[in-house]
Amino acid sequence: MIGAIVIGLAAGVVAGLLGVGGGVLFVPGLVFFLGLDQHHAEATSLLAIIPVAIVGTYRQDRYGNVRRHDALLLGLLSVAGAAGGVTLANALSGAFLRDAFAGLLVIVAAQLVRRTLRRAPARPGEGAGAGL
Amino acid sequence: MHVVADTSPQRGLRLMAIGTLAGLFSGLFGVGGGSVIVPLLVLWLGYGERAATATSLAAIVFIAGFATAVQGLYGNVNLLDALLVGVPAIGGVLIGTSLQQRMQTRSIALLFAAVLVASAVELVLR
């Protein structure tokens with residue numbers, strides 16, 4: 001339970017920093033600390049993401065960083081993909097989905113390291129957060 | 001600086017491709033899709049890093065909303081467990097967004113990458 005709360009907090013921090021939902025931490029957190037299977041962990045993660053993204057968006061919008069028109073288009077245009085993704089997830093076995101998710105984590109980690117190492121030293125003037 | 005009113009077909013197609021791909025990722029893996037959206041906004045639409053992360057969060061509200069609704073139809077969503085991780089995450093996102101405005105967050109990103117790899121190993125070994 002404490003573990004779940006800590007990982008939730010950490011997921012929120014990375015969501016704010018990286019502009020993601022935090023699902024890459026929610027899902028393993030729900031599996032490890034609350035004993036959910038992969039399907040339930042993924043579905044529950046999606047629900048947990050919503051308030052995080054709302055609050056993060058509100059904050060970022062006040063900093064003037066949100067391009068509202070594009071965000072709305074992206075969101076609305078995602079509906080077919082999201083429905084297809086969920087349907088596919090539910091058609092796959094939990095074991096396969098879990099291994100695929102682990103693969104996703106490694107790819108995201110590699111991408112993050114690459115972006116961080118490439119950008120951080122190159123643009124000191126652009127400063128904060130640009131390293132991500 | 002950015003031409004918000006640019007509605008060229010190419011730009012629209014790129015947004016559609018990013019939205020669809022992010023939705024697919026979101027639904028398949030239970031994530032927001034930001035790890036797809038942020039790099040593609042930077043690469044394809046010339047976004048700066050901060051505008052990309054901010055716009056991604058806003059899009060994720062819709063994406064996660066749609067995906068949650070469909071997962072709800074399958075009966076997979078646990079409300080209480082979502083609150084248990086989601087409520088502390090609201091505090092976390094306030095910290096994360098304000099950190100992003102004022103500091104170099106390189107070491108946090110690298111730490112996060114390490115946590116992801118460790119989680120991946122743990123998941124596979126389970």
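Residues numbered from 1 in each chain as written. Chains lettered and ligands numbered in written order. Predicted model: local features only at pLDDT ≥ 70, side-chain atom pairs only at ≥ 80, totals over all residues.

**Some remarks on the overall build of chain A**
So, point 1. If you tally the helices and strands in chain A, you get 6 helices and 0 strands.
So, point 2. Ordering the α and β elements of chain A from the N terminus gives α-α-α-α-α-α.
So, point 3. Split into buried and exposed, the 132 residues of chain A put 56% on the buried side.
So, point 4. Expressed as a percentage of contacts within chain A between residues at least 6 apart in sequence, the contacts between residues at least 24 apart total 44%. (Helix = DSSP H or I, 4+ residues; strand = E, 2+ residues; numbered from the N terminus. Buried ≥ 20, exposed ≤ 12 C-beta atoms within 10 Å, placed from the backbone. Contact = placed C-beta atoms within 7 Å.)

**Considerations on the domain arrangement of chain B**
So, point 1. According to the domain assignment, chain B consists of domain 1 (1-77) and domain 2 (79-126).
So, point 2. With centres defined by C-alpha atoms, the gap from domain 1 of chain B to domain 2 of chain B works out at 19 Å. (Domains from an automatic or database assignment.)

**Description of helix α2 (residues 34-45) of chain B**
So, point 1. All of the buried residues along α2 of chain B are Gly-34, Ser-35, Val-36, Ile-37, Val-38, Leu-40 and Leu-41 of chain B.
So, point 2. Positioned one or two residues after α2 of chain B, Gly-46 of chain B has a phi angle of 70°, which is positive.

**With respect to the interface of chain B and chain A**
So, point 1. On the chain A side, the residues contacting the 85 residues of chain B number 94 residues.
So, point 2. Listed by contribution, the elements that provide at least two residues to the side of chain B that touches chain A are α1 (9-29), α2, α3 (49-74), α4 (79-102) and α5 (106-125) of chain B.
So, point 3. Per-element tally for the side of chain B that touches chain A: the top contributor is α3 of chain B, with 23 residues.
So, point 4. Each residue belonging to the side of chain B that touches chain A can be placed in one class, and the counts come to 51 nonpolar, 28 polar and 6 charged. (Nonpolar A, V, L, I, M, F, W, Y, C, P; charged D, E, K, R; others polar.)

**Brief notes about the confidence of the model for chain A**
Low-confidence regions, as indicated by low pLDDT, have predicted coordinates that should not be scrutinised in detail.
Residue and element names in this part refer to chain A.
So, point 1. Confidence in the prediction for chain A averages 89 pLDDT; 89% of positions are at 70 or higher.
So, point 2. The weakest mean pLDDT in chain A belongs to helix α6 (residues 94-119) at 88; the strongest belongs to helix α5 (residues 79-91) at 97.
So, point 3. Contacts of residues 122-132 to residues separated by more than four positions or lying in other chains number 28 contacts, the stretch itself having pLDDT below 50. (pLDDT = per-residue confidence, 0-100.)

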